[in-house]
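Fold and geometry: a report
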Amino acid sequence: SKGNHRHYMLKEIYEQPVVVAQTLRSYLRRMDDQLALPVPDFDLDAIRRVTIVACGTSYYAGMVAKYWFEQFARVPVDIDVASEFRYRAPVMADGGLMIVISQSGETADTLAALRHAKAEGQKIAAVVNVPTSSMAREADLLLPTHAGPEIGVASTKAFTCQLAVLAAFAANLARAKGRLNPGEERELVRHLAEAPAALNAALAYDETIEAMADLVAHARDVLYLGRGPDYPLALEGALKLKEISYIHAEGYAAGEMKHGPIALIDDTVPVIVLAPSGPLFEKTVSNMQEVQARGGKVVLISDYDGVQAAGEGCIATITMPKVHPLIAPMVYAVPVQLLAYHVALAKGTDVDQPRNLAKSVTVE
Ligand code: F6R
């Protein structure tokens, strides 16, 4: 049931601190801050290459994970949307691991990619939310998310749980390959374990975001910008807005703006900038200033330091809790979900059952 929430989507957004904690409990051991992942029946340390395949929001979780696998495990990662992966001639050498990511575990293109890779001798890990699904059954290594049933067509809690699992798995692969010493492992585990509280803190901005929904609800086009692991969040923000409010939105890597899309900027196009303070902050802010110099109306989502440093000249700012860069993609998912939700409410669309969309895409 929706409990006292108006929509399943809102209920599921609010469940995130609890379901991410629930998910992390089966991947982390807090008594000594160690990773505690299921042990595969193949050698993790022999994995030389990772291929990630998924669709939609699950694909964006994979894009974030690519940063983690490369950064922690130093393993090259290929990523593709499942419908494209199948129809090129992907090179799948020995020592390859395919990771499929899917809430339903039944998405037709992703399942077909899994079967293709398996036939080519790849090991398969599946990050899925439905433990009885086809992907769960056919994988060599099942990495379940414990988000509980997701009813809203727009994926929310499944996404943040996928990120939690993928961060733990990337760290686990790093450990297996001798690239994570015990001190570093404890530190990573502690940062990950901070995610539920940070998600909870992010939910406190619900009313702030509701109050600014009007800034976006009347727009015809909206841009989302991010960099590094927060670039996929820009794509996810744009997808959420398109899906449930039917406003045209695009996500861009902040540094790509000057290569074309900046031509779209005028004072009718809200630009949502996702920029937690950290190593990439300055770069993103300079892209944001290029937008402002052309009359663009910027909504900055950052933390206290970021808003202090760059909030001036923005039409609105959201001051998020300051979090470790590892969990920023999880925490920044909350404001983009809430923004899409409140804009859709302002427009009066059917949030839980958007037109033309199905919860599980079992046709190709
Ligand atoms: C977006 C959304 C879709 C799904 C996609 C993959 O809000 O829900 O983009 O993420 O259809 O579905 P799963 O994860 O079930 O494979």
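The preceding data block contains the structure.
All figures in this text were calculated on a predicted structure; none of them were measured in a lab. (Residues numbered from 1 in each chain as written. Predicted model: local features only at pLDDT ≥ 70, side-chain atom pairs only at ≥ 80, totals over all residues. Heavy atoms only, no water.)

**Observations regarding the packing of helix α2 (residues 16–25) against helix α9 (residues 195–203)**
At a closest axis distance of 8 Å, the pairing of α2 and α9 adopts a crossing angle of 170 degrees. Classified by the angle their axes make, α2 and α9 are roughly antiparallel. Here Gln16, Pro17, Val20, Ala21 and Leu24 of α2 lie close against α9, whose contacting residues are Ala195, Pro196, Leu199, Asn200 and Leu203. Tallied by class, the residues present in the contact of α2 with α9 amount to eight nonpolar, two polar and no charged. (Axes fitted to C-alpha atoms, helices over the stretch in contact; angles between N-to-C directions. Helix = DSSP H or I, 4+ residues; strand = E, 2+ residues; numbered from the N terminus. Parallel < 35°, antiparallel > 145°, perpendicular 65-115°, else oblique. Contact = heavy atoms within 4.5 Å. Nonpolar A, V, L, I, M, F, W, Y, C, P; charged D, E, K, R; others polar.)

**Let's talk about the pattern of salt bridges**
Side chains carrying opposite charge are able to pair once their charged atoms draw close together. Evaluation of the coordinates by the stated rule reveals 16 salt bridges. In this structure, the salt-bridge partner of aspartate 80 is arginine 88, at a minimum N-O distance of 2.5 Å. Since its relative accessible area comes to 13%, aspartate 80 is described here as buried. Residue arginine 88 is classed as partly exposed on the basis of its relative accessible area, which comes to 38%. Of the charged contacts in the structure, one is a salt bridge between lysine 240 and glutamate 236, with a shortest N-O distance of 2.6 Å. Here glutamate 236 and lysine 240 lie together in helix α12 (residues 231–245), a separation of four residues that amounts to about one turn. (Salt bridge = Lys/Arg side-chain N within 4 Å of Asp/Glu carboxyl O. Buried < 20%, exposed > 50% of the residue type's maximum accessible area, 1.4 Å probe, protein only.)

**Some thoughts on the site of the ligand**
Taken together, the neighbourhood of the ligand is formed by 14 residues, with Ser58, Ser102, Gln103, Thr107 and Glu243 sitting nearest. In this structure, an oxygen atom belonging to the ligand sits 2.6 Å away from a side-chain N or O atom of serine 58. The contact in question runs from an oxygen atom of the ligand to an N or O atom on the backbone of glutamine 103, over 2.7 Å. The protein chains hide 90% of the 410 Å² of surface that the ligand would expose on its own. Mapped onto the shell around the ligand, the elements with two or more residues apiece are α3 (56–73) and α12. Looking at the shell around the ligand residue by residue, the classes come out as four nonpolar, eight polar and two charged. (Near = heavy atom within 4 Å. Polar contact = N/O pair within 3.5 Å; in protein donor to acceptor, adjacent residues only side chain to side chain. Areas by Shrake-Rupley, 256 points an atom, 1.4 Å probe, with all protein chains shown as cover.)

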